[in-house]
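Residue strings, one per chain:
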Amino acid sequence: MQIVVLLIAFGFVMFFARRNAPTRGCRWRADATGDRGALRKYNCVACGAEAFTSTKGPPNDCRSKLKTPKL
Ligand SMILES: [Zn+2]
């Protein structure tokens, strides 16, 4: 019976871990018109977030929860 309790507890942990995953549902699209020097602008078409990266590829995290004010 203890193994069942352990499995249920594990399931709960995985559920909350996945729910808090920042990259869930984000689809980044490069926006070349918004580039600033070495920073490349990306728009998330899933939540509308904007992010700038200096590295190759889209950002890892979604900024939907950090509502940054428009400049
Ligand atoms: Zn997003």
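Residues numbered from 1 in each chain as written. Predicted model: local features only at pLDDT ≥ 70, side-chain atom pairs only at ≥ 80, totals over all residues. Heavy atoms only, no water.

**Brief notes about the environment of Thr-33**
Okay, step 1: Relative to the helices and strands, Thr-33 resides in the loop between strand S1 (28–30) and strand S2 (40–44).
Okay, step 2: Its relative accessible area of 76% is what places Thr-33 among the exposed residues.
Okay, step 3: Within the structure, the side chain of Thr-33 is placed 2.6 Å from the side chain of Asp-31, a separation counted as a polar contact. (Helix = DSSP H or I, 4+ residues; strand = E, 2+ residues; numbered from the N terminus. Buried < 20%, exposed > 50% of the residue type's maximum accessible area, 1.4 Å probe, protein only. Polar contact = N/O pair within 3.5 Å; in protein donor to acceptor, adjacent residues only side chain to side chain.)

**A short note on the sheet that holds strand S3 (residues 50–53)**
Okay, step 1: Here we have three strands laid out as an open sheet, ordered S1-S2-S3, and antiparallel in their pairing. The open sheet has two edge strands with one neighbour each: S1 and S3. Across the sheet, the mean angle separating the axes of adjacent strands is 35° when strand polarity is ignored.
Okay, step 2: Pairing of S1 with S2 involves three bridges; the strand directions are antiparallel. Note that in S2 the partner of Ala-30 across the bridge is Tyr-42. (Pairing = 2+ DSSP bridges. Axes fitted to C-alpha atoms, helices over the stretch in contact; angles between N-to-C directions.)

**Focus on the environment of Asp-31**
Okay, step 1: Summarising the element assignment, Asp-31 is placed in the loop between S1 and S2.
Okay, step 2: Taking the C-alpha atoms as reference, Asp-31 lies 5.4 Å from Tyr-42; in sequence the two are 11 residues apart.
Okay, step 3: With sequence-adjacent residues up to four places away left out, Asp-31 is seen in contact with Lys-41, Tyr-42 and Asn-43. (Contact = heavy atoms within 4.5 Å.)

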